[in-house]
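A structural walkthrough
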Amino acid sequence: MQVKNKYDPILLANGSWDVGGVLVNEPCNELSAMLYAFAEHTIPGARAYLFWKIADVLWNGEDRPQPLFEKHPWAEQMIAAAAKEKYLAIGGAASSGKSYVMAGWAVVNWLAAPDRTLILVTSTTLREARKRIWGAVITLLTSVPGLPIKIRDSIGSANYVDNNGVIFDRAGLSLIAAEKSKTREASGKLIGIKQERVILVADELSELSHSIMQTALSNLSANQNLRVVAMSNPCSRFDAFGDWSEPKAGWDSIITERDMSWRTKYNGLYLRFDAEQSPNLLTDGDPYPWLPTKKRIEEAKQNLGESSRGYMRMYRAVFFDSDEAEGVYGENELMRGGALQNVLLRESTPIAALDPAFTNGGDRTMLRFGEIGYDERGQYTVQFKDSVLLFEDETNKAVPRTYQIVQQLKAQCQKRGIRPENVAIDATGAGAPFCDVVAQDWSPDILRVVFAGKATDRRVSMNNQTPCHDLYVNRVSEIWFAGKELIRCGQLRGIDQELAREMTARQYETVKGGEGLRMKVESKPDFKKRTGYSPDNADAAFLLIDLARNRHGLIALEPLKDLPDSQMARRQISFRDLQIQSRTSYSELISLD
């Protein structure tokens, strides 16, 4: 005979149920008995246990091709805390499952007492919420046939419908778009709410205004059975989520990158879910592939930097002060990768890139030279050479400014033996007609590079199959971050002092969107306003890298350390080579589109 848990439902002789001491007197099925008991139980362990029993019945039945709500260690922690705490803060890495788990918690709580429960779900915009927590709510609801509910997704609501077809507008699930520009409207929706059971689920709280939680606590606290859970990727100690998560004894009482939980000043509990402690890292394989995996964590360390703000927020779930800015490149990063050194390249091709002064907010017309070839290890490498400033002759009224610059560009490149197809030019904004003149007066074979617009769909690197548009907000961010993997692999050389100054000065931020956290490089006008100069030298350098990637197949690759030097020198690697070479040595890296 199977030993039952003490909270398992027991069917009594008269058709009623005993669920861990809660009596369900009216005849009903087992699921209904568990839902009723879930709503009535006051023992946290009972509610957590019943939640998982209910979730299995609703979403994990044998008739489903795959479970919709799988149990994993992090989810168990979240549910156990939500069952116990009145106020809960969940700070987690990207893909830690916090929004999905809390969507399930919200749905079960409502279904347990649909006519006397109001679940308020806040997020940024309706559009973004549908990609995250509200999308999960709708998926979980619509996957269960026959529920007596009315879903109005266009306005973000799901309500109970009784046997007479009456919709209970004051009970149900309600989505409140609470982006900072609509704070007053969102706060107004939290005023005057009365219901027997009220649960506020605040997703992406770090992106919302402080007044959302202040209004919620001051107005919803009149409801006797109020519970609040807020989730976010931690950002600043001083934003709305930082305030909700502040330790009872102050921030100095804990170490944010070490401590995994603490009591908050609101007498609640804070839980932290660090990707470096993902359940996938505690066992062989990846039993929970939707959670952070070792491979994704290592890719993030390479792409973001292990101590960068982006990595600490997206993966370690660590708070930072809001005024802590970070450069795209660090001095130690350039030094460790040998990027400040010059090396001898074999079979090199001279290349050039031009950043005209009248495009994209620049103030200098910078022509940067370089070469691409093979270093002594056989690594395909870009090396920066000298740069020159191009000036117009204002006394020459016979030749327009654009044509003067084009003539200088052509002369400088021809003097160095640089062919037009090995020249990249910024074609952003006014750069487009400038490129037209270059095409007319010299050659149409130049590479036009546009810094504006969305990032491309090409993979981030050979080690990271993520499309660039999922990691970078725009094209300029993609172009500027392109050098990080090359530096790590020792494939970017010849960075001089001025170029290093501009590269390390430009800042970036992490931006939350439907695709998750993405990097956004500081705009050129903002950079110039903050520093007093424009990063034209660095922009020209990154144009050169983009040329090397697009015209010469440059891609970051680990050096062939397993081969003797003599063989390594002969084995010359580029992206084009990989398309025709045997894949025996790189089978684990190569997955060409």
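These numbers come from a predicted model, not from an experiment.

All right, on to the overall build of the protein then. Along its length, the protein carries 22 helices and 23 strands. Here the C-alpha coordinates of the protein stretch approximately 100 × 55 × 50 Å along the principal axes. At a minimum sequence separation of 6, the contacts of the protein that also span at least 24 residues come to 63%. Of the roughly 26100 Å² that the protein leaves accessible, carbon and sulfur atoms contribute 48%.

Turning our eyes to something else, we now look at empty space enclosed by the protein. Inspection of every chain in the model, using the stated rule, returns one cavity of 30 Å³ or more. Of the voids in this model, the largest cavity is the one considered here, and its volume is about 50 Å³. Lining the largest cavity are Ala 82, Glu 85, Lys 86, Leu 88, Trp 105, Ile 199, Arg 227, Val 228 and Val 229. The element contributing the most residues to the lining of the largest cavity is strand E10 (residues 225–232), with three residues. Its residues placed into classes, the lining of the largest cavity shows six nonpolar, no polar and three charged.

Okay, the pairing of strand E12 (residues 269–273) next. Within E12, five of the five residues are buried, which leaves it mostly tucked inside the rest of the structure. Residues Leu 269, Leu 271 and Phe 273 point to one face of E12 and Tyr 270 and Arg 272 to the other, with burial holding for every one of them. Inspection of the sheet shows strand E4 (residues 87–92) paired to E12 by five bridges, in the parallel sense. Bridge pairing in E12 places Gly 91 opposite Arg 272. Pairing of strand E11 (residues 261–263) with E12 involves three bridges; the strand directions are antiparallel. In the strand pairing of E12, Arg 263 is matched with Leu 269.

Attention now goes to the packing of aromatic side chains. Taken as a whole and judged by the stated rule, the model has 26 aromatic pairs. Chaining the aromatic ring pairs together yields one cluster made of Phe 38, Phe 51, Trp 52, Trp 59, Phe 69, Tyr 100 and Trp 105. Positioned above the aromatic ring of Tyr 329, the side-chain terminus of Lys 484 is 4.8 Å from the ring centre. Taking NZ or CZ as reference, Arg 501 lies 4.2 Å from the ring centre of Tyr 533, over its face.

Our next topic: the sheet that holds E4. Pairing is mixed across the open sheet formed by nine strands, whose spatial order is E6-E7-E8-E5-E9-E10-E4-E12-E11. Strands with a single pairing partner mark the edges of an open sheet, and in this sheet they are strand E6 (149–152) and E11. Each strand of the sheet is rotated relative to its neighbour by a mean of 15°, with strand direction disregarded. Both E4 and E10 contribute to a ladder of five bridges, which runs parallel.

Our focus in this paragraph is helix H18 (residues 497–505). Among the residues making up H18, those that are buried are Leu 499, Ala 500, Glu 502, Met 503 and Ala 505. By the N-cap criterion, in which a side-chain oxygen at the helix start approaches the backbone nitrogen of a residue two or three places on, H18 is capped by Asp 496, the distance to Glu 498 being 3.3 Å.

On to the pairing of strand E8 (residues 167–177), then. Taken residue by residue, a regular strand's side chains alternate between the two faces of the sheet. Strand direction decides the pairing type here: strand E5 (residues 117–123) and E8, joined by six bridges, are parallel. Looking at E8, one finds that Val 121 is bridged to Leu 175. Bridge count for strand E7 (residues 157–161) against E8 is five bridges, and the pairing is antiparallel. Within the sheet, the bridge partner assigned to Val 161 lies in E8 and is Ile 167. Hairpin remark: E7 followed by E8, antiparallel, with five residues in the connecting loop; positive phi at Gly 165, about 80°.

Here we come to a nonpolar patch on the surface. Among the surface-exposed residues, Ile 10, Leu 12 and Leu 23 lie close enough to one another that they form a single nonpolar patch of about 250 Å² accessible area. For Ile 10, a relative accessible area of 46% corresponds to the partly exposed category.

Here the focus is the packing of H18 against helix H20 (residues 536–552). Axis separation between H18 and H20 bottoms out at 8 Å; the angle between their running directions is 90°. The angle between the axes of H18 and H20 places the two elements in the roughly perpendicular class. Between H18, through Glu 498, Leu 499, Glu 502 and Met 503, and H20, the contact on the second element is made entirely by Asp 536, Asn 537, Ala 538, Ala 541 and Phe 542. Class assignment for the residues of the contact of H18 with H20 results in five nonpolar, one polar and three charged.

So, about the sheet that holds strand E21 (residues 492–493). Judged by pairing direction, the sheet is mixed, and its six strands sit side by side in the order E18-E17-E14-E15-E16-E21 without closing on themselves. What marks the edges here is a single partner per strand, and that holds for strand E18 (447–449) and E21. In terms of strand pairing, strand E15 (residues 366–374) meets strand E16 (residues 380–389) through eight bridges, oriented antiparallel. Each bridged residue has a counterpart across the sheet, and for Tyr 374 the counterpart in E16 is Tyr 380.

Its identity is not glycine, yet Ser 95 carries a phi of approximately 65°, on the positive side. Structurally, Ser 95 can be placed in the loop between E4 and helix H4 (98–112). Relative accessible area serves as the criterion here: at 44%, Ser 95 is assigned to the partly exposed category. Even without being a glycine, Ala 317 presents a positive backbone phi close to 60°. Along the chain, the position of Ala 317 falls in the loop between helix H11 (309–314) and strand E13 (326–327). Its relative accessible area of 1% is what places Ala 317 among the buried residues.

For the structure shown, the criterion picks out 38 salt bridges. A salt bridge links Asp 355 to Lys 524, with the shortest nitrogen-to-oxygen separation between them at 3.2 Å. Of this pair, Asp 355 sits in strand E14 (residues 346–355) while Lys 524 is found in helix H19 (residues 524–531), placing the two residues 169 residues apart along the sequence. This pair shows no difference in class: Asp 355 is buried, exactly as Lys 524 is. Across the pair Arg 377 and Asp 375 runs a salt bridge whose closest N-O atoms are separated by 2.8 Å.

As a further point, take the environment of Ile 149. By the secondary structure assignment, Ile 149 is in strand E6. In this structure, the C-alpha to C-alpha distance between Ile 149 and Tyr 403, residues 254 residues apart in sequence, is 69 Å. Ignoring sequence-local partners within four residues, the contact set of Ile 149 consists of Trp 110, Leu 141, Asn 159 and Val 161.

Let's shift gears to the confidence of the model for the protein. When pLDDT is averaged along the protein, the result is 86; 91% of the residues meet or exceed 70. Predicted confidence for residues 562–593 stays below pLDDT 50, and this span has 59 contacts to residues more than four positions away or in other chains.

On to the nonpolar core, then. What tends to happen in soluble globular proteins is that the nonpolar side chains get buried as a cluster. Core analysis: the biggest nonpolar cluster contains 63 residues, and Phe 51, Trp 59, Met 102, Leu 173 and Val 201 have the highest contact counts within it. It is H4 that provides the largest number of residues to this core, a total of 10 residues. When neighbours within four sequence positions are excluded, Leu 173 is seen to be in contact with Ala 106, Trp 110, Ile 119, Trp 134, Val 137, Leu 141, Gly 156, Ser 157 and Ala 158. In terms of nonpolar packing, the next biggest core, distinct from the first, is built from 57 residues, Cys 489, Ala 541, Ala 548 and Leu 554 among them.

Basis of the calculations
Residues numbered from 1 in each chain as written. Predicted model: local features only at pLDDT ≥ 70, side-chain atom pairs only at ≥ 80, totals over all residues. Heavy atoms only, no water. Helix = DSSP H or I, 4+ residues; strand = E, 2+ residues; numbered from the N terminus. Contact = heavy atoms within 4.5 Å. Areas by Shrake-Rupley, 256 points an atom, 1.4 Å probe, with all protein chains shown as cover. 1 Å grid on protein atoms, 1.4 Å probe; cavity = no way out; pocket = protein on both sides within 12 Å on 5 of 7 lines; lining within 4 Å. Points joined across faces, edges and corners; volume = space filled by probe spheres on them. Nonpolar A, V, L, I, M, F, W, Y, C, P; charged D, E, K, R; others polar. Buried < 20%, exposed > 50% of the residue type's maximum accessible area, 1.4 Å probe, protein only. Pairing = 2+ DSSP bridges. Phe/Tyr/Trp six-rings, centres within 6.5 Å; stacked < 30°, edge-to-face > 60°. Lys NZ or Arg CZ within 6 Å of the ring centre and 35° of its normal. Axes fitted to C-alpha atoms, helices over the stretch in contact; angles between N-to-C directions. Polar contact = N/O pair within 3.5 Å; in protein donor to acceptor, adjacent residues only side chain to side chain. Patch = residues over 30% accessible without salt bridge, like charges linked within 9 Å, V, L, I, M, F, W, Y side chains within 5 Å. Salt bridge = Lys/Arg side-chain N within 4 Å of Asp/Glu carboxyl O. Parallel < 35°, antiparallel > 145°, perpendicular 65-115°, else oblique. pLDDT = per-residue confidence, 0-100. Core = buried A, V, L, I, M, F, W, Y, C linked by side-chain atoms within 4.5 Å.

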